[in-house]
Structure formats: structure tokens, C-alpha cells
Amino acid sequence: MGVTVLEHPLIQHKLTLLRDKSTGGKEFREVVGEIAMLMCYEATRDLTLDEIEVETPLGFAKSKVIAGKKLAFVPVLRAGLGMVDGMLRLVPAAKVAHIGLYRDPETLQPVEYFCKVPPDISERDCIILDPMIATGGTASASAQFLKNYGARSIKLLCILAAPPGLEKLEKEHPDVDIFTCAIDGGLDAHAYIIPGLGDAGDRIFGTK
Ligand code: URA
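Rules of the game
- Residues numbered from 1 in each chain as written.
- Predicted model: local features only at pLDDT ≥ 70, side-chain atom pairs only at ≥ 80, totals over all residues.
- Heavy atoms only, no water.
- Salt bridge = Lys/Arg side-chain N within 4 Å of Asp/Glu carboxyl O.
- Helix = DSSP H or I, 4+ residues; strand = E, 2+ residues; numbered from the N terminus.
- Axes fitted to C-alpha atoms, helices over the stretch in contact; angles between N-to-C directions.
- Parallel < 35°, antiparallel > 145°, perpendicular 65-115°, else oblique.
- Left-handed = near helix turned anticlockwise from the far one by under 90°.
- Contact = heavy atoms within 4.5 Å.
- Nonpolar A, V, L, I, M, F, W, Y, C, P; charged D, E, K, R; others polar.
- Expected span 1.5 Å × (residues − 1).
- Buried < 20%, exposed > 50% of the residue type's maximum accessible area, 1.4 Å probe, protein only.
- Core = buried A, V, L, I, M, F, W, Y, C linked by side-chain atoms within 4.5 Å.

Could you give me a rundown of the pattern of salt bridges, with the residues and numbers involved?
Across all of its chains, the model carries 12 salt bridges by this definition. A salt bridge links E34 to K14; the shortest N-O distance between them is 2.7 Å. With a gap of 20 residues between them, E34 in helix α2 (residues 25-43) and K14 in helix α1 (residues 9-19) connect regions that are remote in the sequence. Among the salt bridges present, the one from K70 reaches D120, with a minimum N-O distance of 3.3 Å. Here D120 lies in the loop between β7 (110-116) and β8 (124-129) and K70 lies in strand β4 (residues 70-75), a separation of 50 residues in the sequence.

See below:
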């Protein structure tokens, strides 16, 4: 597994806007979408290309197209939904699978409460969208659920990550490549990333 920290100046500038507690809901949502689009650009660098011939207004050109590789974007409910539109702006043909998990209060194990994936998931490159990787519990369970549904190629995009979450993913899913905009210092007692950006879902959907 590899962890790639995306240092692009536009991404880093936009991350600062997300961290700022004075950024309001509308701007926060828009910037999450913009960062997702930039992350999508970075995470799809390894897509293979075919060469075709295309007729221009002035002649014929040999030119490249993406080689029939199919993508599935997999937002983890609910904060991952904030990243979907930005991703689809770059790859409108991608399918969107959804994963909803809660933690069983008795067993503390993640339980799937909603999961809808395209039937050809095993033929698609899956990109899990979860803005915050804190303990890594939800992300790891999401990767496992996707594998149970047949997924063979999985990447994970998170806007912010913390070391405990990355360590868990590295241990449990060494095959999953992770793209993030920054790795923060750690977690507080409620498993929020410190200094982080707060509760991503609440800030995207205005629920706090
Ligand atoms: N989820 C969030 O939304 N924020 C955190 O800091 C950690 C998990």
C-alpha cells in the first residue's frame, strides 16, 4: 500500500479554507467538491490510454483516449457524499456505489445498513470517498465490504488522515492505495482529528 500526500498548491490552499472554522456551509461544500475534483485528477494518473485516430477540422490526428477502464466511486455515508459531484465532473461515466455503516454498540463491529454496488464491481477500479480517516475503522470496513462484493482494485481518497487510521489500513488492506491532502498529528478523546477541520459531515450538511 502507498500513502500519497497531495502537495499541489491549489489543494493545500483549499484545505486551509476547510480547516478555517469561519468558513460557512456553502463555501465548505463547494470547496470539498473542488478538492475532490483535484484529488480525482491525481488519483487517476495511472489510467491506461489507447491511441485512436480522430478527424480534426484540418486533418487527422493520432490522439489518446482512456482505455475502456471502468471506475466506481464509493462514497461512505454520509460525509463521502460531499465528494461525489466533484469526482463525477471529471469522470461522468463512473458508477456510484454507496456504503452506509454503523458501529454495533454491543460488539463495536461495523454493521452495513445500506450498501448498493453495481453488479460489475469486480471489473471496475473502485475509489472509496471518505473525507476523514481518523481511527480507520469505517474506511477499513468499507474496503472489506467492497472486497466481499467482489471488488479487486480499490483506492481511497480522504481529505485528511490521522496516523492511527493509516496504520490500521496499512495492516488490514495493504493493497489499497491512499490519497490524502494532509496527515495530522492525532486524535482527541472522541476520535476527531486534531487539529483537523471538525466534523466533515456536519459542516457539509449544516447539521451543527
Ligand atoms: N470524522 C470527522 O468528520 N471529523 C474528524 O475529525 C474525524 C472523523
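Quick rundown of the packing of α1 against α2? Include the residues and the values.
Their axes nearest at 10 Å, the elements α1 and α2 cross at an angle of 155°. Put simply, α1 runs roughly antiparallel to α2. Viewed along their axes, α1 and α2 form a crossing whose handedness is left-handed. The segment α1 lies against α2, with L10, I11, K14, L15, L17 and L18 engaging E27, F28, V31, V32, E34, I35 and L38. Of the residues contributing to the contact of α1 with α2, the split by class is 10 nonpolar, no polar and three charged.

A description of helix α4 (residues 137-148) should follow, citing residues and the corresponding values.
For an α-helix the count is 3.6 residues per turn, leaving residues at separations of three or four pointing the same way. The end-to-end C-alpha distance of α4, which contains 12 residues, comes to 16 Å, matching closely the 16 Å that a straight helix rising 1.5 Å per residue would cover. Buried within α4 we find G137, A139, S140, A141, S142, A143, F145 and L146. Of the residues trailing α4, G150 is marked for its positive phi of about 110°.

Lay out the nonpolar core with the relevant residues and their values.
Counting 36 residues, the largest nonpolar core has M39, F73, L157 and I159 as its most contacted members. Among the elements of the structure, α1, α2, β4, α3 (84-90), β8, β10 (153-161), β11 (177-183) and α6 (200-205) are those that each provide at least two residues to this core. For this core, the element with the highest residue contribution is α2, accounting for eight residues. Aside from chain neighbours lying at most four places away, what touches I159 is L15, L18, V32, I35, M39, M83, D130, P131, T180, C181 and A182. Counting residues in each nonpolar core, the second largest holds 26 residues, with V76, A151, A161 and L169 among its members.

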